[in-house]
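# Observations on chain architecture
If you want the building blocks of each chain, they are given just below.
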Protein chains: 2
Amino acid sequence: MDKKRDAAATIKDVAEHAGVSPMTVSNVLRGKGRVSEETRRRVLEVAEREGYRPNLAARALVERKAPTLALMLGCITNPFYPEFTLATNLAALRHGRYLLVCNTDHEQDGGTRFLEEVGGSLADGVLVANHGDLAVEQLREVEVRGIPVVISIWELPDEPPGIPCVAFDSKAAGRIATAHLIELGHRRIGAVIGSPKTGIHRGRYRGYRDALRGAGIRPSAADERFASDSYESGYDTTIELLKARPDLTALFVSNDLPALGALNAAADFGLDVPRDLSIVSITDIEPAQRSRPPLTTVAIPTEEIASKSVELLLALMSGHSGGKSVVETSTPFLVKRGSTAPVNKRATSAA
Amino acid sequence: MDKKRDAAATIKDVAEHAGVSPMTVSNVLRGKGRVSEETRRRVLEVAEREGYRPNLAARALVERKAPTLALMLGCITNPFYPEFTLATNLAALRHGRYLLVCNTDHEQDGGTRFLEEVGGSLADGVLVANHGDLAVEQLREVEVRGIPVVISIWELPDEPPGIPCVAFDSKAAGRIATAHLIELGHRRIGAVIGSPKTGIHRGRYRGYRDALRGAGIRPSAADERFASDSYESGYDTTIELLKARPDLTALFVSNDLPALGALNAAADFGLDVPRDLSIVSITDIEPAQRSRPPLTTVAIPTEEIASKSVELLLALMSGHSGGKSVVETSTPFLVKRGSTAPVNKRATSAA
């Protein structure tokens with residue numbers, strides 16, 4: 001190994017060949033210090049010729065700045081996360097940083113070891129996309145060690161977590177989704193929520209209830225189910241709810257992934273979507289365009305959230321956060337597709 | 001920043017509090033050198049009490065061993081890659097390594113800069129999951145610098161790329177998929193291939209042709225289309241092929257993602273899958289279970305490929321590769337779901 005590794009020139013090699021000190025080479029390569037134009041050119045030529053490549057791990061130590069950011073998420077195979085990871089990755093690259101990703105669902109300790117090992121050594125800052133799983137206290141411990149932490153996706157702009165975050169208005173998203181069903185004439189609107197009642201989707205759930213009340217419809221716990229944020233849970237919970245409440249003509253599902261489960265559940269239950277049952281949800285992940293029928297959903301500003309998270313983290317890392325602890329993002333908006341339609345009066349009266 | 005950073009104890013702090021030299025602390029923490037049991041215990045107690053955390057970037061330099069591996073892939077939002085990334089990530093973690101992922105589709109230079117910056121500095125070894133996009137010559141340049149490179153997914157065990165790789169038998173996968181259609185009585189079997197004829201899916205394509213010939217069916221270029229490996233391309237190409245060859249009763253699609261496009265294309269074309277058209281493909285990504293109908297496909301050993309890639313890379317990094325340049329994996333196998341059925345004789349004669 002070591003022999004082969006010698007194929008790459010070091011700063012010392014470049015210094016020797018250029019007849020200058022290693023410090024001069026270092027200054028030239030990093031654009032620092034005072035070096036004559038002639039020396040600068042010679043050093044760069046030699047570095048090019050000898051195949052010098054900077055060792056980023058070494059540079060990180062010298063500059064006390066790691067070229068990586070850490071991103072913690074639930075599980076990369078939940079289709080929202082690859083989309084968010086890609087957007088975060090591209091935003092980080094624009095600032096010359098690479099991402100170290102942790103799939104906390106698959107860590108026995110929920111990512112604690114990752115946070116401890118990576119925060120402040122392999123990565124100078126941490127983005128947390130799954131704040132639902134990591135206790136805020138745990139994140140605060142990392143902050144105390146001087147490692148900036150940003151909660152990338154916070155759902156309740158009015159209830160700041162006490163850690164810098166980028167927020168979208170999940171209550172508005174829930175309202176917009178439910179108002180769309182109401183405008184289509186639906187009154188019997190059930191809810192499948194991808195978290196406990198007071199969990200991560202509570203804002204979306206409140207938006208659903210607010211929209212019902214705003215239209216003079218009394219929300220009923222009997223029409224609501226609290227599940228988990230997965231395809232399977234969306235499927236099973238929808239079957240159970242449809243059995244219990246056969247007169248529902250529409251469903252609000254708090255997230256696309258369980259909504260895709262709900263779509264297939266409705267079909268397996270013998271219902272035609274949207275003729276017999278309208279389904280609407282929140283997020284707008286790519287698979288929402290590809291289901292049959294494609295899913296009507298309320299799009300959240302995924303790319304904006306990702307790039308603002310990276311910018312906020314970098315600002316905190318350079319000490320210029322401007323004291324903003326909650327960065328807001330654009331209002332979610334309805335994307336109308338095939339899974340919602342005007343209420344089918346005949347079906348309703350027949351039920 | 002620096003003031004806050006002092007909250008974390010350094011080796012020097014621990015040494016001071018324990019009344020030993022920094023070298024002794026370092027030896028204890030890394031399990032090296034000769035230290036008395038009493039001293040060892042005291043150092044560990046102090047390190048724990050003072051909140052010492054190793055700086056992995058520093059350790060990487062000292063031990064000439066980075067705690068990260070690089071993984072290059074096409075794009076994380078292609079659903080195969082999150083599944084492969086997760087499996088690779090878990091395999092890497094078992095060996096105490098984190099992954100740095102590069103989405104080459106989104107790099108203007110196809111990932112060259114990532115390879116140059118990360119290979120040998122932030123990561124000691126590179127896994128390449130998308131060898132179709134990165135020229136083998138480019139990878140060889142990295143090898144020449146002494147950085148081990150492994151092609152994670154090589155499709156043609158009989159044609160080694162000259163770089164260590166983990167291979168699955170893509171020709172067998174194509175044969176198994178097509179043989180399944182033939183067993184169901186289909187004779188008019190078209191092909192939608194997610195690469196050029198001589199591109200990354202050429203093994204799968206050859207398997208398709210071999211199976212046809214084995215059953216006495218003469219392959220016809222008029223029944224074949226070469227597309228790209230995306231949902232959209234699968235959709236568009238299938239529409240075009242169905243228009244040109246309305247008598248096809250079955251389709252072999254070389255990969256699940258374009259096959260999901262083909263499923264929706266057939267439905268939009270007015271065909272019932274599987275009654276009017278059977279569709280089979282290769283890989284078995286999670287979304288293949290969720291389409292309507294769910295997709296019959298030939299499963300490739302994704303997790304085995306991921307873990308063998310990591311093991312091969314680590315073996316190369318420690319100089320114990322055993323000279324094996326192609327590591328083989330289990331034979332792909334058919335996963336029968338709803339998108340294939342016996343040929344519909346009536347439909348065929350009507351056409």
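Residues numbered from 1 in each chain as written. Chains lettered and ligands numbered in written order. Predicted model: local features only at pLDDT ≥ 70, side-chain atom pairs only at ≥ 80, totals over all residues. Heavy atoms only, no water.

Per an unreviewed UniProt entry, chain A goes by the name LacI family transcriptional regulator and belongs to Trinickia violacea.

### Focus on the overall build of chain A
Worth spelling out the cut-off: Numbered from the N terminus, helices here are DSSP runs of H or I no shorter than four residues, and strands are runs of E no shorter than two. Using a 1.4 Å probe on the protein chains alone, a residue whose accessible area is under 20% of its type maximum counts as buried, one over 50% counts as exposed, and one in between counts as partly exposed. Should any heavy atoms of two residues lie within 4.5 Å, those residues are considered in contact. All accessible-area figures derive from a Shrake-Rupley calculation using a 1.4 Å probe, and residue coverage is judged against the displayed protein chains alone.
Helices and strands together make up the secondary structure of chain A, namely 14 helices and twelve strands. The buried share of chain A, reckoned over its 351 residues, is 57%. The contacts in chain A between residues at least 6 apart in sequence include a share of 71% that link residues at least 24 apart. A total of about 14600 Å² of accessible surface is found on chain A, and carbon and sulfur atoms cover 50% of it.

### Topic: the sheet that holds strand E8 (residues 250–253) of chain B
Residue and element names in this part refer to chain B. Here is the rule: Only when DSSP finds a minimum of two bridges between them are two strands counted as paired. Under this scheme, a helix contributes an axis fitted over its contacting stretch, all axes are lines through C-alpha atoms, and angles between N-to-C directions fall in the 0 to 180 degree range.
Reading across the sheet, the six strands line up as E7-E6-E8-E9-E10-E12 and stay open at both edges, with mixed pairing between neighbours. In the strand order of this sheet, the two ends are held by strand E7 (224–226) and strand E12 (333–335), each with one partner. Here the average twist between neighbouring strands, direction ignored, is 20 degrees. The pairing of E8 with strand E9 (residues 278–283) spans three bridges and is parallel. In the strand pairing of E9, Leu251 is matched with Ile279. Along the sheet, helix H12 (residues 256–268) contacts E8, E9 and strand E10 (296–299); its crossing angle with E9, the most-contacted strand, is approximately 165 degrees.

### Focus: the nonpolar core
Using the following cut-off: Joining through side-chain atoms within 4.5 Å is the link that ties buried Ala, Val, Leu, Ile, Met, Phe, Trp, Tyr and Cys residues into a set, and such a set is a nonpolar core.
Leu251 and Ile279 of chain A together with Leu251 and Ile279 of chain B are the most contacted members of the largest nonpolar core, which totals 132 residues. Non-local contacts of Ile279 of chain B, meaning those with residues more than four positions away in its chain, are made with Leu251, Val253, Ala262, Leu263, Ala266, Val273, Leu295, Thr296, Ser339 and Thr340 of chain B.

### Overview of empty space enclosed by the protein
The condition that has to hold: A pocket, in this scheme, is an open set of points on a 1 Å grid over the protein atoms alone with protein on both sides within 12 Å along at least 5 of 7 lines, while a cavity is a set where a 1.4 Å probe fits but cannot get out; residues line either one if an atom lies within 4 Å of a point. Grid points are joined across faces, edges and corners, and a volume is the space filled by probe spheres set on the points. Nonpolar residues are Ala, Val, Leu, Ile, Met, Phe, Trp, Tyr, Cys and Pro. Charged residues are Asp, Glu, Lys and Arg, and all others, Gly as well, are polar.
Tallying each qualifying case throughout the model produces four cavities of 30 Å³ or more. Of the volumes computed, that of the largest cavity is approximately 580 Å³. If you go around the largest cavity, you meet 29 residues; those closest to its centre are Leu260, Pro287 and Arg290 of chain A together with Leu260 and Pro287 of chain B. Of all the secondary structure elements, the ones that give two or more residues to the lining of the largest cavity are helix H6 (80–94) and helix H12 (256–268) of chain A together with helix H6 (80–94) and H12 of chain B. Tallied by class, residues from the lining of the largest cavity come to 15 nonpolar, six polar and eight charged.

### Observations regarding helix H4 (residues 37–50) of chain B
All names here are of chain B. The condition is simple: How far a helix is expected to stretch is found by multiplying one less than its residue total by 1.5 Å. This arc is built from the directions going out from the helix axis to the C-beta atoms.
Relative to the 20 Å expected for 14 residues at 1.5 Å per residue, H4 spans 20 Å between its end C-alpha atoms, a close match to the ideal helical length. Along H4, the residues that are buried comprise Thr39, Val43, Val46 and Ala47. The buried residues of H4 all sit within an arc of 100 degrees when viewed along its axis, so they share a single face. With respect to the buried face of H4, the exposed residues turned more than 90 degrees away are Glu38, Arg41, Glu45, Glu48 and Arg49. Phi turns positive one or two residues past the end of H4, at Gly51, with a value near 70 degrees.

### Here we look at the sheet that holds strand E7 (residues 224–226) of chain A
Residue and element names in this part refer to chain A. Reading across the sheet, the six strands line up as E7-E6-E8-E9-E10-E12 and stay open at both edges, with mixed pairing between neighbours. Strands at the two margins of the open sheet, each flanked by one partner only, are E7 and strand E12 (333–335). The mean angle between the axes of side-by-side strands here comes to 20 degrees, regardless of whether they run parallel or antiparallel. Strands in contact with H12 are strand E8 (250–253), strand E9 (278–283) and strand E10 (296–299); relative to E9, the strand with the most contacts, it is inclined by about 165 degrees.

### Focus: the pairing of strand E4 (residues 149–154) of chain A
Two faces belong to every sheet, and in a regular strand the side chains alternate between them. All names here are of chain A. Among the six residues in E4, six count as buried, and that is most of the element. As paired elements, strand E3 (residues 126–128) and E4 share three bridges and run parallel to each other. By the bridge assignment, Leu127 is partnered in E4 with Val150. Pairing between E4 and strand E5 (residues 165–167): two bridges, direction parallel. Directly across from Trp154, in E5, lies its bridge partner Ala167.

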